[in-house]
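If you want the building blocks of each chain, they are given just below.
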Amino acid sequence: MILSELKQLIRSKWLYIVLGLFLLLFVSIMLLQQLNAGQQMIFDRYNASLVNVLLFLLPLFILTIGAMGVAQDTESGWYRLLRTYPLSIGRYVFSKFIALVILFLLILGTTEAIVLLIGSFLGGMSIHPTFLLLALVLVLIVSALSIWIGTFARHRLHALGLSLGVWGFFALLSNYIVMALGTILPNYVIEKLLYVHLHSNPFEWLRFLFLLMIEQTGVLGKSFYSLTQFYESATGIVVAIALTLLWIVLPLLLAVWQLRWKEKNS
């Protein structure tokens, strides 16, 4: 089932557009970083650009491709056909999730291989392991969200609209809402609002974890000092891991529940 889903995703023209775009952007930024800062892992404008590209573009592609894949199964009747076989909803959701994760890990792996190849001619250019870990977790979280979004869609165009809406909210709109509220709310409320936004937005949560792992949370300002101190403790590390896993597992469970609800009410 996973192999079949992977073959279906590989046939998509979107895949090659995504791969080409990532290669162009990542190699360009890494070349600039190598020429200006070498291999030292400091949070400069080049590393910030890499993180922004990853957190801005990669979720867009994963959400649209994943959600449209689930919607296509519903629209074409393939999902109904699969359900006539001894295939549980949980296994279907898990297969879609794993295939999507493998696909985008292949894209990121290809990008890394080309960066290393180019780096071999430029004195050892490489991508920091922390950045690779961020990419892995991002793929897992957004892939799970895309499967859940796809279960709400009636057809591929509907899935595209839903995925763009979710991406736009998490990547853009939620930040503007927080900034707008920050102009009218008192400081102590703003601090709590920032904490809520950080934990309820997976993109901002992963950005925070990345800065925490490279010990560069100072760029966030003094409002995040106490939160940083907590997540640097043993208890905070356990909470961070649990919250990250929740962002992966919960959308998959909700996707299973949504498909079961649709079957009962169809």
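Basis of the calculations
- Residues numbered from 1 in each chain as written.
- Predicted model: local features only at pLDDT ≥ 70, side-chain atom pairs only at ≥ 80, totals over all residues.
- Heavy atoms only, no water.
- Helix = DSSP H or I, 4+ residues; strand = E, 2+ residues; numbered from the N terminus.
- Expected span 1.5 Å × (residues − 1).
- Buried < 20%, exposed > 50% of the residue type's maximum accessible area, 1.4 Å probe, protein only.
- Polar contact = N/O pair within 3.5 Å; in protein donor to acceptor, adjacent residues only side chain to side chain.
- Core = buried A, V, L, I, M, F, W, Y, C linked by side-chain atoms within 4.5 Å.
- Contact = heavy atoms within 4.5 Å.
- Salt bridge = Lys/Arg side-chain N within 4 Å of Asp/Glu carboxyl O.
- Axes fitted to C-alpha atoms, helices over the stretch in contact; angles between N-to-C directions.
- Left-handed = near helix turned anticlockwise from the far one by under 90°.
- Nonpolar A, V, L, I, M, F, W, Y, C, P; charged D, E, K, R; others polar.

1. Structural notes on helix 9 (residues 202-213)
Move 1: Between the first and last C-alpha of helix 9 there are 16 Å, a value that for 12 residues agrees with the 16 Å anticipated at 1.5 Å per step.
Move 2: Most of helix 9 is tucked away: 10 of the 12 residues are buried.
Move 3: At the N-terminal end of helix 9, a side-chain oxygen is found 3.0 Å from the backbone nitrogen of F203, two or three residues along, and the residue is N201.
Move 4: Positive phi appears at E215, one or two residues downstream of helix 9, with a value of about 60°.

2. Details of the nonpolar core
Move 1: Counting residues in each nonpolar core, the largest one holds 79 residues, and the members touching the most others are L54, L58, V93, F104, W205 and L206.
Move 2: The biggest single contributor to this core is helix 3 (residues 45-76), with 16 residues.
Move 3: Contact partners of L58, with chain neighbours within four places excluded, come to F22, V53, F104, L108, L138 and V139.

3. A few points about the pattern of salt bridges
Move 1: This structure, assessed with the given rule, holds four salt bridges.
Move 2: Taking the shortest distance from any N to any O, the salt bridge between K96 and D73 comes out at 3.0 Å. Of the two residues, K96 sits in helix 5 (residues 89-119) while D73 sits in helix 3, which places them 23 residues apart along the sequence. A single burial state applies to K96 and to D73, both of which are buried.
Move 3: Of the charged contacts in the structure, one is a salt bridge between R207 and E204, with a shortest N-O distance of 3.4 Å. With R207 and E204 both in helix 9 and three residues apart, the pair spans about one turn of that helix.

4. Structural notes on the packing of helix 9 against helix 11 (residues 234-264)
Move 1: Interaxial distance between helix 9 and helix 11 falls to 12 Å at its minimum, and their mutual angle equals 145°. In the packing of helix 9 onto helix 11, the handedness of the crossing is left-handed. Facing helix 9, whose interface residues are P202, W205 and L209, helix 11 presents A240, L243, T244 and W247.
Move 2: Counted by class, the contact of helix 9 with helix 11 contains six nonpolar, one polar and no charged residues.

Worth remembering: the numbers are spatial, not functional.
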